[in-house]
Amino acid sequence: MSAVARAVVDLDVVGARISRHLYGHFAEHLGRCIYNGFWVGEGSEIPNVRGIRRDVVDALRALRIPNLRWPGGCFADAYHWRDGIGPRDERPRIANTNWGDVVENNHFGTHEFMDLCDLLGADAYVNGNVGSGTVQEMSEWAEYLTRGDDSPMARLRRENGRDEPWRVPFWGLGNEPWGCGGNMSAEAYAEQARRYAMYSRNHGDNRLVRIAAGANEDDLDWTRALMKGAVESHTNVLYNSLPYEAISFHYYTHSGSGINTEDATAFTDAQFYDTMAYATDIDRVIRGHIAVMDSYDPDRRIDLVCDEWGTWWNAAEGTNPGFLFQQNTVRDALVAGIHFDVFHRHASRLAMANIAQTINVLQAMVLTDGDRMVLTPTYHVFEMNSGHHDARQLSAHLLEAPTTMVGDDELTLVSLSASTSEDAALISLTHMSVDADCRVRVDLRGRAAKLTRARVLTGESATTFNDPDAPDRVAPAPLEAQIEDGVLTAQLPPHSFATFELHLG
Ligand code: AHR
């Protein structure tokens, strides 16, 4: 079976910059993400740099990951940063009651996280504790991290072996306060966020982008309360400043019956299409948040951030259900492709996004098994799309594409986006048909273009995944494609993600 899709990309119609931070990551003290993921400890037989696993760092460096959010998630609102500094063998043990109810030794703390960011070349996104921490505790953490003189917290940092302050650009004011982060109403949290933000100071030349913890999916009332809180604070003649520079929201994809209810690798065609529809619906959700934000802040001084996104399936059989370890198939890769197209489209307001989570948890880039490591299909989408980092949007439109019905709604089975930087352009296409090929034809208008590389990512079926015994079942491969008379043509296999790299004349 073969279908046809037609699209237009205007190579000379350039829009907003696509921040590289849309390709951000998230690492929580959850399951095997930090411990036995990033952190193996200096005494481990697994090759490591100061306790941080070397193969994982190398794999992630190749993605040029722009930022890393830590320590949670739900864990952030139970975390007290002073437990994670000083000599490791003197740090207190704590119970991680959110995730698996396990006891951890706090060997991975502030210094180890900042070392990890340095190794990755990533900006730090530190998420503070509003739910169970004090304003003073948050304030002192910012001082400890970023202050250069001999203030009490700067001195304490030096006593722990770090002379220079770190640069911390991103600062989270709690997490999911409507749930695990304190079970608050939107109005109550908006008040708290203003307070905690005020004492999260800029020290020296470090500037914090303070991110208020936002809505679950399309809870626009939550966004409204945060925007109202921000605007009221800004119009208060005594304070007269925006309390936070960004607000977030979270969006987890499943096939419609809820997170944690379905298998990661065994699914029907109907569940596959439900998942594609759910992933596509993030476009509606982002439009909703932006419309509310625009009504309070038409000058767009406050950014939107999606600091948790990705698929959430049942934990793999035989693993601790609280560790959220799941396999990652071609279906997950397509969810990533769809999300990035949507993120690119909203790049003028959406400033950052963080996939949940980088290693061994939910929709991971990397899965480890003892000393072995596997790159997931999702990893390859991040790599294939890395040319979009800090590039500028190009106008890209579908004229014709195959569709299918999902419930009462029609789902378009092709998604695309395009960007340009200097004399290069990158076009990404996600093809969602589970069983048909698609002949694509893209009219390239406005500038002459030469194809430099075309690649495709797919598997024998949408359920195909990589594991240590077959690490390359799903890996990018060259795709037969051509540009003739300004028209790019290619044949996309079923359930595939493709990228086309162009040189512009
Ligand atoms: O990513 C896993 C969890 O999902 C996070 O801790 C929480 O913020 C969300 O509910």
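Residues numbered from 1 in each chain as written. Predicted model: local features only at pLDDT ≥ 70, side-chain atom pairs only at ≥ 80, totals over all residues. Heavy atoms only, no water.

Per an unreviewed UniProt entry, the protein goes by the name non-reducing end alpha-L-arabinofuranosidase and belongs to Microbacterium faecale. Among the UniProt annotations of the protein, the heading Sequence similarities (unreviewed entry) holds the following wording: "Belongs to the glycosyl hydrolase 51 family." Listed under Subunit (unreviewed entry) in UniProt, the entry text for the protein is "Homohexamer; trimer of dimers." (UniProt positions renumbered as here; feature names shortened; annotations may be inferred.)

*Asks:* Help me understand helix 4 (residues 152-159) in this model?
*Replies:* Since the α-helix packs 3.6 residues into each turn, any two residues three or four apart lie on the same face. For helix 4, the complete set of buried residues consists of Met153, Ala154 and Arg157. Along the long axis of helix 4, the arc covered by the buried residues comes to 105 degrees, so they all point the same way. Of the exposed residues in helix 4, those oriented more than 90 degrees away from the buried face are Pro152 and Glu159. For helix 4, the elements touching its buried residues are helix 2 (110-120) and helix 3 (135-146). Positive phi shows up at Gly161, right after helix 4, with a value of about 100 degrees. (Buried < 20%, exposed > 50% of the residue type's maximum accessible area, 1.4 Å probe, protein only. Helix = DSSP H or I, 4+ residues; strand = E, 2+ residues; numbered from the N terminus. Arc of directions from axis to C-beta. Contact = heavy atoms within 4.5 Å.)

*Asks:* Please clarify how the pattern of salt bridges should be interpreted in this entry.
*Replies:* All chains considered together, the criterion is met by 34 salt bridges. Linking Arg147 and Asp149 is a salt bridge whose minimum nitrogen-to-oxygen distance equals 2.8 Å. With relative accessibility at 27%, the residue Arg147 sits in the partly exposed group. Connected through salt bridges with shared partners, the residues Asp294, Asp297, Arg300, Arg301 and Arg349 form a single ionic network. (Salt bridge = Lys/Arg side-chain N within 4 Å of Asp/Glu carboxyl O.)

*Asks:* Got a minute to help me understand the site of the ligand in this structure?
*Replies:* Taken together, 14 residues are adjacent to the ligand, and Glu28, Cys74, Glu176, Tyr252 and Glu308 come closest. Interatomic distance of 2.7 Å between a side-chain N/O atom of Glu176 and an oxygen atom of the ligand. If the ligand stood free it would expose 280 Å²; the protein chains cover 94% of that surface. According to the grid-proximity analysis, the pocket containing the ligand is the largest pocket. For the shell around the ligand, a count of residues per class yields 7 nonpolar, 4 polar and 3 charged. (Near = heavy atom within 4 Å. Polar contact = N/O pair within 3.5 Å; in protein donor to acceptor, adjacent residues only side chain to side chain. Areas by Shrake-Rupley, 256 points an atom, 1.4 Å probe, with all protein chains shown as cover. 1 Å grid on protein atoms, 1.4 Å probe; cavity = no way out; pocket = protein on both sides within 12 Å on 5 of 7 lines; lining within 4 Å. Sits in = over half its atoms within 2 Å of the grid points. Nonpolar A, V, L, I, M, F, W, Y, C, P; charged D, E, K, R; others polar.)

*Asks:* Can you walk me through the nonpolar core in this structure?
*Replies:* Buried together is how nonpolar side chains tend to be arranged in soluble globular proteins. Formed by 121 residues in total, the largest nonpolar core has its most connected members in Phe38, Trp171, Tyr189 and Phe249. A total of 9 residues in this core trace back to one element, the largest contributor, which is helix 9 (residues 330-345). Setting aside its immediate chain neighbours within four residues, Phe38 contacts Ala27, Cys33, Gly51, Ile52, Arg53, Val56, Leu60, Leu68, Leu116, Leu120, Thr358 and Ile359. Core analysis: the second largest hydrophobic core is formed by 28 residues, Leu416, Cys438, Ala490 and Leu502 among them. (Core = buried A, V, L, I, M, F, W, Y, C linked by side-chain atoms within 4.5 Å.)

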